[in-house]
Amino acid sequence: MSQNKASHWYAFTHAKCPHCHHGNMFINKNPYALNDLSKMPTHCPVCGISFFPETGFYWGSMYMSYMITVLFSAISVVILGLISGWQIYVLVIGNTILLILGFPVFFRYARVVWLQLNVPFNKELFIKYETSTKT
Ligand SMILES: [Zn+2]
């Protein structure tokens, strides 16, 4: 299945630089390598844009983390509740376990979303790097 690498969805799901969609945002791609969870290069290894535009930039990603976890919790509790018919306390405990297990993923995608919201996509740069990697 081919993916449209120019799409924001591709950059989001693969945690790519929002500016060029080529550079990786995290040094270790595995979010469950907890020692490297928050380690990011200071600049995109491909286009060179700063991943830390200002001091405390990623404080704003906490809002994204909150939105992601609330959305995830609402969906998981409703779906599990409808499918299983379990008591609400079982659903809350199950959701808590899922949130703990999913923390590294939520943490990273909150940063990815926050950077995507603040850094515009540069299509010319994307095409330049896309054609240079094909040859
Ligand atoms: Zn880049």
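Residues numbered from 1 in each chain as written. Predicted model: local features only at pLDDT ≥ 70, side-chain atom pairs only at ≥ 80, totals over all residues.

### Remarks on helix H2 (residues 61-84)
Along an α-helix, residues three or four apart share an orientation, since each turn contains 3.6 residues.
Then, in step 1: With 24 residues, H2 extends 33 Å between its outermost C-alpha atoms, agreeing within 8% with the 34 Å of an ideal straight helix rising 1.5 Å per residue.
Then, in step 2: Within H2, the full set of buried residues consists of Ser61, Met64 and Ser65.
Then, in step 3: In the stretch just after H2, Gly85 is the one whose phi turns positive, near 75°. (Helix = DSSP H or I, 4+ residues; strand = E, 2+ residues; numbered from the N terminus. Expected span 1.5 Å × (residues − 1). Buried ≥ 20, exposed ≤ 12 C-beta atoms within 10 Å, placed from the backbone.)

### Comments concerning the environment of Val46
Then, in step 1: Structurally, Val46 is set in the loop between helix H1 (8-13) and H2.
Then, in step 2: Residue Val46 is classed as partly exposed on the basis of its 19 C-beta neighbours within 10 Å.
Then, in step 3: Sequence spacing of Val46 and Ile79 is 33 residues, and the spatial spacing of their C-alpha atoms is 41 Å.
Then, in step 4: For Val46, the contacting residues outside a window of four places in its chain are Cys17, Cys20, His22, Gly23 and Tyr129. (Contact = placed C-beta atoms within 7 Å.)

### Topic: the environment of Phe126
Then, in step 1: Turning to its location among the elements, Phe126 is positioned in helix H4 (residues 123-134).
Then, in step 2: Sequence separation of Phe126 and Cys47 is 79 residues, and the distance between their C-alpha atoms is 9.1 Å.

### Details of helix H3 (residues 88-118)
Then, in step 1: Along its 31 residues, H3 runs just 38 Å from first to last C-alpha, ending more than 12% under the 45 Å computed at 1.5 Å per residue.
Then, in step 2: Where H3 bends most, the angle comes to about 60°, and this point is Gly102, followed within four residues by the proline Pro104.
Then, in step 3: Of the residues making up H3, those classed as buried are Phe107, Arg108, Ala110, Arg111, Val112, Val113, Trp114 and Leu115.
Then, in step 4: Those residues of H3 that are buried are in contact with H1 and H2. (Bend = angle between axes of the 7 residues up to and from the residue.)

### Thoughts on unusual backbone geometry
Then, in step 1: We note that Ala15 has phi near 50°; this positive angle belongs to a residue other than glycine.
Then, in step 2: With respect to the helices, strands and loops of the structure, Ala15 is situated in the loop between H1 and H2.
Then, in step 3: We note that His21 has phi near 60°; this positive angle belongs to a residue other than glycine.
Then, in step 4: Among the structural elements, His21 can be located in the loop between H1 and H2.
Then, in step 5: In this structure His21 comes out as buried when scored by C-beta crowding, with 25 C-beta atoms within 10 Å.

### Structural notes on the environment of Tyr89
Then, in step 1: By the element assignment, Tyr89 lies in helix H3.
Then, in step 2: Considered as a pair, Tyr89 and Cys17 are 72 residues apart in the sequence and their alpha carbons are 40 Å apart.

### Comments concerning the packing of H2 against H3
Then, in step 1: Across the interface, H2 lies against H3 with an axial gap of 8 Å and an inter-helix angle of 145°. Regarding H2 and H3, the two cross each other, and that crossing is right-handed. Side by side, H2 and H3 meet where Ser61, Met64, Ser65, Ile68, Thr69, Ser73, Ser76, Val77, Leu80 and Gly81 of the first sit next to Leu91, Gly94, Asn95, Leu98, Leu99, Phe106, Phe107, Tyr109, Ala110, Arg111, Val113 and Trp114 of the second.
Then, in step 2: A breakdown of the residues in the contact of H2 with H3 according to their chemical character gives 13 nonpolar, eight polar and one charged. (Axes fitted to C-alpha atoms, helices over the stretch in contact; angles between N-to-C directions. Left-handed = near helix turned anticlockwise from the far one by under 90°. Nonpolar A, V, L, I, M, F, W, Y, C, P; charged D, E, K, R; others polar.)

### Quick word on the nonpolar core
Then, in step 1: Core analysis: the biggest nonpolar cluster contains 13 residues, and Met25, Ala110, Val113, Trp114 and Leu115 have the highest contact counts within it.
Then, in step 2: When residues of this core are assigned to their parent elements, the largest contribution, six residues, is made by H3.
Then, in step 3: In contact with Trp114, other than residues within four places in its own chain, are Tyr58, Gly60, Ser61 and Met64. (Core = buried A, V, L, I, M, F, W, Y, C linked by C-beta atoms within 7 Å.)

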